[in-house]
Amino acid sequence: MADLLVSPQQTPLRGTIRVPGDKSISHRAVLFSAIAEGQSRVEGWLPAGDTLATLEVMRALGVPITVSEDEPNAWSLTVEGQGLCGLQPPAAPLDCRNAGTCIRLLAGILAGQPFPSVLDGSEQLRRRPMRRIVTPLQAMGAVIESEDGHAPLTINPASLSGIRYRLPVASAQVKSAVLLAALYARGATRVRQPGPARDHTERMLAAMGVPLRAGRHWVRLPAGKRRLRPLQMVVPGDISSAAFPLVAATLLPGSAIRVEGVGVNPTRTGILELLANMGASVSVEAERESGGEPVADLTARFDELHATSVSGDVVVRAIDEFPIWAVAASQAAGASTLRDAAELRVKEVDRIGVLAGELRLLGIPIAETADGFTIHGPVRPRGGTVSSHGDHRLGMALAVAGLMATGPVRVLDADCVSDSFPGFVETMQALGASMSWEI
Ligand code: S3P
């Protein structure tokens, strides 16, 4: 396990960078291409810990995938789609490692297969709730068992029926699991969601010829024969990764950076709204489209921030950004409050309790509530030793906090940053950031 050493940043961040491909889209590109009819080609694919788990699992299900490592952190994949019913029985349990998206979406696909399978993962993944997918899949007729609502999941062959399902939480992973199972089900399926969970599944399936219809709060897959056409796409940069350098530039005096080719799907851009509400200078330029997803160049420059309150729909659209938003809030004048974010407690770690504990170690005053937290700023963090607790986004947020600190910060167990952002440290260094791996 590698530690990350961060020194107080003395100079502004400057430059133009790209961030690796979107994690949510990279998972889906492999999963959906695997059950398409024919050869798919995906460029700019993210080779991170989580997405590599999906790639290996699909190979274990008999899907030929060739990889060309064009750039270290942007691969091109050629996937030989096997059609909806052409996957092969796996020889062993499928290891989804730390990837919640992998296990939950794959459960939807495997629920409709004529062979049994077992889905498992790391200790961290085994702690995350799986009842949220088991319940609707069982209601569709799936024969799926969990260990008291947790992985490993054992799936046996079953014939599935469509469902009308109201998601209890706005989760794209649950919505996607139901929609994928629906591809194998008799009859129509309709899913209602309480808030705008990311819609990459709907966009990608539609681009592959599946006749989905979607509104802000619902998705419908009509009855009838389903086939997926092969996919051709360039994966946009991950806004959830771009958020770290963007926030760092917002907080460090004199900074001005540009991140090119970032996905700006409106179900993902909550962080840009939150930063704008705090007075940050982040702009979206040269908007264009790639593979059915909007893409843009984002620029950020230093500005004084003021506190803000966050609740409601925007929480879903910024759900992965609260570790780094907390760092921004710690530098904003006044009391910033987050509410309606209880989902953070069931992410890679409890991203309320664990985040609060680590920020306090750096002297940042943060008060937890059941569904969020309040931070009084601005407070310059002090130096010290903190831990990622094996959570990539917590590790990167603590590294950015370290740049603002009065003394050196060591982030323990930080190599997990490559679960979503391989090259994070090198990318930050390219902007002039004073952080490095301990050798
Ligand atoms: C994801 C959905 C979100 C998000 C996760 C990726 C996806 O989780 O937090 O990082 O790719 O569908 P939930 O669906 O549990 O909200």
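Residues numbered from 1 in each chain as written. Predicted model: local features only at pLDDT ≥ 70, side-chain atom pairs only at ≥ 80, totals over all residues. Heavy atoms only, no water.

Draft legend 1. Fine view of the overall build of the protein. For the protein, the helix and strand inventory stands at 14 helices and 26 strands. The C-alpha atoms of the protein give a radius of gyration of 21 Å, which matches the 22 Å a tight globule of 439 residues would have. Taking the principal axes of the C-alpha coordinates as reference, the protein spans close to 60 × 45 × 40 Å. Classification of the 439 residues of the protein by burial places 61% in the buried group. Sequence separation of 24 or more characterises 74% of the internal contacts of the protein that already satisfy a separation of 6 or more. For the protein, the separation between the mean place of its 42 positive charges and that of its 44 negative charges on side chains is 7 Å. (Helix = DSSP H or I, 4+ residues; strand = E, 2+ residues; numbered from the N terminus. Rg over C-alpha atoms; globule rule 2.2 N^0.38 Å. Buried < 20%, exposed > 50% of the residue type's maximum accessible area, 1.4 Å probe, protein only. Contact = heavy atoms within 4.5 Å. Lys, Arg positive; Asp, Glu negative; His and termini not counted. Charge placed at Lys NZ, Arg CZ, Asp CG, Glu CD.)

Draft legend 2. Representation of the sheet that holds strand β11 (residues 164-166) within the structure. As summarised here, the arrangement of the four strands in space is β11-β13-β15-β14, forming an open sheet in which the pairing is mixed. The two strands at the open ends of the sheet, each matched to only one other strand, are β11 and β14 (213-214). In this fold helix α6 (residues 172-182) packs onto β11, β13 (189-192) and β15 (218-221), with an angle of close to 175° to the strand it touches most, β13. (Pairing = 2+ DSSP bridges. Axes fitted to C-alpha atoms, helices over the stretch in contact; angles between N-to-C directions.)

Draft legend 3. Broad picture of a positive patch on the surface. On the surface, a cluster of positive charge is made up of Arg164, Arg166, Arg192, Arg213 and Arg220. Position of Arg164 relative to the elements: it lies in strand β11. (Patch = residues over 30% accessible without salt bridge, like charges linked within 9 Å, V, L, I, M, F, W, Y side chains within 5 Å. Areas by Shrake-Rupley, 256 points an atom, 1.4 Å probe, with all protein chains shown as cover. Salt bridge = Lys/Arg side-chain N within 4 Å of Asp/Glu carboxyl O.)

Draft legend 4. Spatial organisation of helix α12 (residues 353-361). Residues of α12 that are buried include every one of Gly353, Val354, Leu355, Ala356, Glu358 and Leu359, and no others. After α12 finishes, the residue Gly363 shows a positive phi value of roughly 85°.

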